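Coordinate inspection notes
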Amino acid sequence: MQMRSIRLFARALAALALLAPLSALAQGTVQHLSGTLSAQRADGSLRILAERSSVLVGDVISTERDSYAQLRFADGGQVTLRPNTQVKIEQYAYDERRPRSDNFAMQLFKGGLRALTGLIGKRSNNRNAYRMVTSTATIGIRGTDYSVLDIKPPTPGQFTPKEMLPTNSLPPGVYVTVIDGQIGFISGNREQPVGIGQVAFSSNLNLPPRLIPPPPNLPQITPPPGFGRALRPSALNAGASQECIIP
């Protein structure tokens, strides 16, 4: 009788797991952390995160000065955040048995990140399964390594003397470099395919992107040495990984 009760209880737990909403599984874990990392939940509460802390859909995640953090998601994808970075996990859905339900959407508000895609964006024919949203363009990928740099325009009304402008400054807009695979670079209601070794530029949401020669003065990101053996220190224009920066 006792054994039968145990079996019934185990079946009930299994049924509850099958009925659990995908949003409950839609989370990542802080895999590596150097410095201070926080998350503002969808309900407005603020949490200081540590290694092994969970991150959920709706979280606005922020690193402080001199802080790096690496997030790992259920599909094996990784996102490394550089100092003074803020992102939001807009959507995430992953179920081993349902590739068609795959969905990853992250918005980069400021700072920079480096990402290594997992199964989402690789195993499904849904081209919208993986999206990285920046200020002027949306990037869709399929198992691709890429770099993206978002240069902000000057603040309206703010005057900067010509002699104080950096000589190596880039025109405002989004720059994308593909290291492996191919991306769809979307702005101005047009999708520009970008392949290995190519660089594309988008200056405005309402204007179509275009291919350009690689700029020689893109910055580089160097994660701490202990942040995952799969991620190598690299320059944005050196073609070593997927990176994203908003100065």
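Residues numbered from 1 in each chain as written. Predicted model: local features only at pLDDT ≥ 70, side-chain atom pairs only at ≥ 80, totals over all residues. Heavy atoms only, no water.

Points about the overall build of the protein
Selection criterion: The helix and strand labels rest on DSSP assignments: H or I over at least four residues marks a helix, E over at least two residues marks a strand, and numbering proceeds from the N terminus. We call a residue buried when its accessible area falls under 20% of the maximum for its residue type, exposed when it is over 50%, and partly exposed in between, using a 1.4 Å probe and counting protein chains only. The criterion used for residue contact is that any of the two residues' heavy atoms lie within 4.5 Å. Per-residue and other accessible areas follow the Shrake-Rupley method at a 1.4 Å probe size, with only the shown protein chains counted as cover for residues.
Each helix and strand counted, the protein has two helices and 20 strands in total. The proportion of buried residues among the 247 residues of the protein is 44%. Contacts in the protein between residues at least 24 apart in sequence constitute 55% of all its contacts with a sequence separation of at least 6. Total accessible area computed for the protein in this model is approximately 13500 Å², and 53% of it derives from carbon and sulfur atoms.

Quick word on the nonpolar core
Definition in use: Only buried Ala, Val, Leu, Ile, Met, Phe, Trp, Tyr and Cys residues count toward a nonpolar core, and they belong to the same one when joined by side-chain atoms within 4.5 Å.
Formed by 37 residues in total, the largest nonpolar core has its most connected members in Ile61, Met106, Leu113, Tyr146, Ile183 and Phe185. Considering each element in turn, this core owes the most residues, five residues, to strand 9 (residues 103-116). The contact partners of Ile183, leaving out residues within four places of it in the chain, are Ile139, Gly140, Ile141, Thr144, Tyr146, Val176, Val178, Gln192, Pro193 and Val194. One finds Ile151, Leu170, Val199 and Ile212 within the second-largest nonpolar core, a separate group that totals eight residues.

Observations regarding the packing of aromatic side chains
Aromatic ring pairs are defined here through the distance separating the ring centres and the angle between the ring planes. Heads up, the rule is: Between rings of Phe, Tyr and Trp, where Trp is taken as its six-membered ring, a pair exists when centres lie within 6.5 Å; planes separated by under 30 degrees are stacked, by over 60 edge-to-face, and by other angles tilted.
If you walk through the whole model with that rule in mind, you get five aromatic pairs. Aromatic side chains Tyr92 and Phe104 sit 6.1 Å apart centroid to centroid with 85° between the ring planes, which places their arrangement in the edge-to-face category. Pair noted here: Tyr92 is in strand 8 (residues 86-93) and Phe104 is in strand 9, with a separation of twelve residues, a long-range link. There is no split in this pair, since Tyr92 and Phe104 are both buried. Arranged with centres 4.7 Å apart and planes meeting at 45°, the rings of Tyr175 and Phe201 form a pair that is tilted. You can see Tyr175 sitting in strand 13 (residues 173-180) and its partner Phe201 sitting in strand 16 (residues 199-202), a full 26 residues away along the chain. Tyr175 gets classed as buried once you look at its relative accessible area, which sits at 5%. You can call Phe201 buried: its relative accessible area is 6%. The structure contains a cluster of three or more aromatic residues connected by ring pairs, namely Phe73, Tyr92, Phe104 and Tyr130.

Some thoughts on the pairing of strand 8
The cut-off we apply is this: DSSP bridges decide pairing: two strands pair if at least two such bridges lie between them.
Of the strand pairs in this sheet, strand 5 (residues 60-63) and strand 8 are connected by three bridges, and their pairing is antiparallel. Across the sheet, residue Ser62 finds its bridge partner in strand 8, namely Gln86. In this structure, strand 8 lies alongside strand 9, joined through seven bridges in antiparallel fashion. Residue Gln86 lies in a different strand from strand 9, and its bridge partner there is Lys110.

A word on the side chain of Ser202
Where we set the bar: Two N or O atoms form a polar contact when they lie within 3.5 Å of each other; inside protein one atom must be a possible hydrogen donor and the other a possible acceptor, and for residues adjacent in sequence the pair counts only when both atoms belong to side chains.
On the secondary structure map, Ser202 appears in strand 16. Judged by its relative accessible area of 0%, Ser202 is buried. A distance of 3.0 Å separates polar atoms of two side chains, one belonging to Ser202 and the other to Ser187. Ignoring anything within four residues of it in the chain, the contact list for Ser202 reads Thr136, Ala137, Gly173, Val174, Phe185, Ser187, Leu207 and Pro209.

Things to note about the side chain of Asp95
Inspection of the secondary structure assignment puts Asp95 in the loop between strand 8 and strand 9. Asp95 sits in the buried class, given a relative accessible area of 12%. There is a polar contact of 3.0 Å between the side chain of Asp95 and the backbone nitrogen of Arg97.

A few points about the pairing of strand 15 (residues 190-194)
Direction of pairing for strand 14 (residues 183-187) relative to strand 15: antiparallel, over a ladder of five bridges. For Ile183, the partnering residue across the bridge sits in strand 15 and is Val194.

A look at the environment of Ala200
Mapped onto the secondary structure, Ala200 falls in strand 16. Apart from residues no more than four positions distant in its own chain, Ala200 is found in contact with Val174, Tyr175, Val176, Phe185, Val194, Arg210 and Leu211.

Here we look at the layout of surface pockets
Heads up, the condition is: The method works on a 1 Å grid over the protein atoms by themselves. A cavity is a set of points holding a 1.4 Å probe that cannot get out, a pocket is an open set with protein on both sides within 12 Å along at least five of seven lines, and residues with an atom within 4 Å of a point line them. Grid points are joined across faces, edges and corners, and a volume is the space filled by probe spheres set on the points. Any residue outside Ala, Val, Leu, Ile, Met, Phe, Trp, Tyr, Cys, Pro, Asp, Glu, Lys and Arg is labelled polar, Gly included; the first ten of those are nonpolar and the last four are charged.
Quantified by volume, the second largest pocket comes out at close to 240 Å³. Taken together, 16 residues make up the lining of the second largest pocket; nearest its centre are Arg127, Gly140, Ile141, Gly184 and Glu191. Those elements that provide at least two residues to the lining of the second largest pocket are strand 11 (138-141) and strand 14. Of the residues that constitute the lining of the second largest pocket, the class distribution is three nonpolar, nine polar and four charged.

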